[in-house]
Amino acid sequence: MAKKKTKSVAEKVASSAKKKNIQKNKTKNEETQKPVEKRSIRNFLGRWDIPIRFFSAALFLAVFIVLLVIFLVPEGALVRLLDQLIHGLIGRVGFLTAIPVTLYLFIIHAFSGKRPVKMRTFCLLAFILVCGCIGHVFSGTIGKSLSFELIGGLYTDGISGASGGIFCGLLAHFLYWLCGRWITYIVLIVGAMLTLLAGMQI
């Protein structure tokens with residue numbers, strides 16, 4: 001009887017040791033199978049308690065300052081190069097519209113707290129393009145056919161302020177080809193009103 005008791009005690013000890021080993025192996029497997037957290041910008045900023053809107057607000061503020069310097073003091077080779085590039089892409093009207101819009105975007109991203117601003121940002125950027133298209137339409141160069149020569153002409157005319165540049169000019173020409181002159185006027189004016197109201201949440 002004593003031998004049986006000692007055997008049963010030994011079996012209990014061995015079984016408990018096996019259970020402990022199995023539990024240890026399970027925990028090790030679970031730790032190895034846990035997905036590794038991806039190193040992203042959001043995780044990095046979260047560790048340092050830096051909100052992502054701090055960088056977007058700083059970006060729009062920098063763009064506003066650059067546009068204001070180009071408008072007020074267009075001196076220096078780099079400033080003149082940026083002036084020609086911006087005017088060649090969005091035209092004079094788009095450039096003038098972008099100055100207050102970028103300031104307003106800075107205010108939105110800096111002082112909106114946790115409220116969503118993606119749609120407002122998209123609408124205000126679209127407002128810049130629509131205003132550039134309106135300036136191109138009323139410049140009188142809307143009836144030309146689409147070609148590679150037209151793209152070069154849009155860039156040079158945009159620098160001189162006679163067109164909406166490449167982006168706004170091509171968009172205006174596409175609308176004119178698709179809808180005609182009067183519907184293009186209506187679409188652009190209504191689009192400018194809607195994008196501005198949506199951007200300002202009015």
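One numbering rule holds for all chains: residues counted from 1, following each sequence as written. Two thresholds apply to this predicted model, a pLDDT of at least 70 for residue-level local features and 80 or more for giving and counting side-chain atom pairs, whereas whole-chain, interface and lining totals are computed over all residues. The side-chain values count all of the structure's non-hydrogen atoms but skip hydrogen atoms and water molecules.

Engineer: Just to check I follow, could you spell out the overall build of the chain for this structure?
Structural biologist: Secondary structure assignment for the chain yields 8 helices and 0 strands. Helix numbering and strand numbering both begin at the N terminus, where a helix is a DSSP run of H or I of at least 4 residues and a strand a DSSP run of E of at least 2. Taken from the N to the C terminus, the helices and strands of the chain come in the order α-α-α-α-α-α-α-α. Accessibility throughout is a Shrake-Rupley quantity obtained with a 1.4 Å probe, and a residue counts as covered only by protein chains that appear here. For the chain, the accessible area works out to roughly 14200 Å², and carbon and sulfur atoms hold 69% of it.

Engineer: Can you walk me through the side chain of H109 in this structure?
Structural biologist: As for its position among the elements, H109 is in helix α4 (residues 77-111). Among the polar contacts made by the side chain of H109, one reaches the side chain of T121 at a distance of 2.9 Å. Contact between two residues is taken to exist if any of their heavy atoms lie within 4.5 Å; hydrogens are not considered. Setting aside residues up to four positions removed in sequence, H109 forms contacts with R53, S56, A57, F60, V117 and T121. Side-chain atoms alone can form a polar contact between residues adjacent in sequence; in general such a contact is a pair of N or O atoms within 3.5 Å, and within protein one must be able to donate a hydrogen while the other accepts it.

Engineer: Help me understand the side chain of T121 in this model?
Structural biologist: Note on placement: T121 falls in helix α5 (residues 118-137). Throughout, exposure labels follow a simple rule: accessible area from a 1.4 Å probe, protein chains only, divided by the maximum for the residue type, with under 20% read as buried, over 50% as exposed, and the rest as partly exposed. Owing to a relative accessible area of 11%, T121 belongs among the buried residues under this scheme.

Engineer: I would appreciate a short explanation of a nonpolar patch on the surface in the present structure.
Structural biologist: Grouping into patches uses exposed residues only, defined as over 30% relative accessible area, and leaves out salt-bridged ones; the cut-off is 9 Å for like charges and 5 Å for nonpolar side chains (Val, Leu, Ile, Met, Phe, Trp, Tyr). Only one rule defines a salt bridge in this text: a Lys or Arg side-chain nitrogen within 4 Å of an Asp or Glu carboxyl oxygen. Judged by side-chain polarity, L61, I65, L68, V69, F71, L72, V73 and L96 come together as a nonpolar surface patch covering roughly 620 Å² of accessible area. Considering each element in turn, the nonpolar patch owes the most residues, 6 residues, to helix α3 (residues 52-72). Take L72: it is sitting in helix α3.

Engineer: Looking at this structure, I do not really get the environment of G113. What am I missing?
Structural biologist: Tracing the sequence through the fold places G113 in the loop between α4 and α5. The exposure class assigned to G113 is exposed, which follows from its relative accessible area of 52%. Expressed as a C-alpha distance, the spacing of G113 and R53, which sit 60 residues apart in the sequence, is 9.0 Å.

Engineer: What is the right way to look at the nonpolar core in this model?
Structural biologist: It is characteristic of soluble globular proteins that their nonpolar side chains tend to be buried jointly. Residues belong to one nonpolar core when they are buried, are Ala, Val, Leu, Ile, Met, Phe, Trp, Tyr or Cys, and are joined through side-chain atoms within 4.5 Å. Within the largest apolar cluster, 31 residues are counted, with the highest numbers of intra-cluster contacts made by L67, I86, F95, V101, V137 and L188. Listed by contribution, the elements that provide at least two residues to this core are α3, α4, α5, α7 (165-179) and α8 (181-200).

Engineer: I keep staring at the packing of aromatic side chains and nothing clicks. Help me out?
Structural biologist: Only Phe, Tyr and Trp rings take part, Trp by its six-membered ring, and two of them pair if their centres are within 6.5 Å. Stacked means planes under 30 degrees apart, edge-to-face means over 60, and tilted covers everything else. Scanning the entire structure with this criterion turns up 5 aromatic pairs. Seen in terms of ring centroids, F54 and F55 are 5.5 Å apart; in terms of plane orientation they differ by 85°. Their pairing is edge-to-face. We classify F55 as partly exposed; its relative accessible area is 42%. When the centroid spacing of 6.4 Å and the interplanar angle of 75° are considered together, the rings of F106 and F111 count as edge-to-face. Under the relative-accessibility criterion, F111 is labelled exposed at 59%. Through pairs of rings, three or more aromatic residues link up here, namely F138, W182 and Y185.

Engineer: Mind showing me how you'd approach α3 here?
Structural biologist: With 21 residues, α3 ought to run about 30 Å at 1.5 Å a step, and its terminal C-alpha atoms sit 31 Å apart, in line with that. Among the residues making up α3, those that are buried are R53, S56, A57, F60, F64, L67 and I70. Projected down its long axis, α3 shows its buried positions confined to an angular sector of 155°, all on one face. Away from its buried face by more than 90 degrees, α3 exposes F54, L59 and L72. For α3, the secondary structure elements touched by its buried residues are α4 and α5. Each helix should span, by expectation, one fewer than its residue count multiplied by 1.5 Å. Starting at the helix axis, one direction is taken to each C-beta atom, and the arc is that of these directions.

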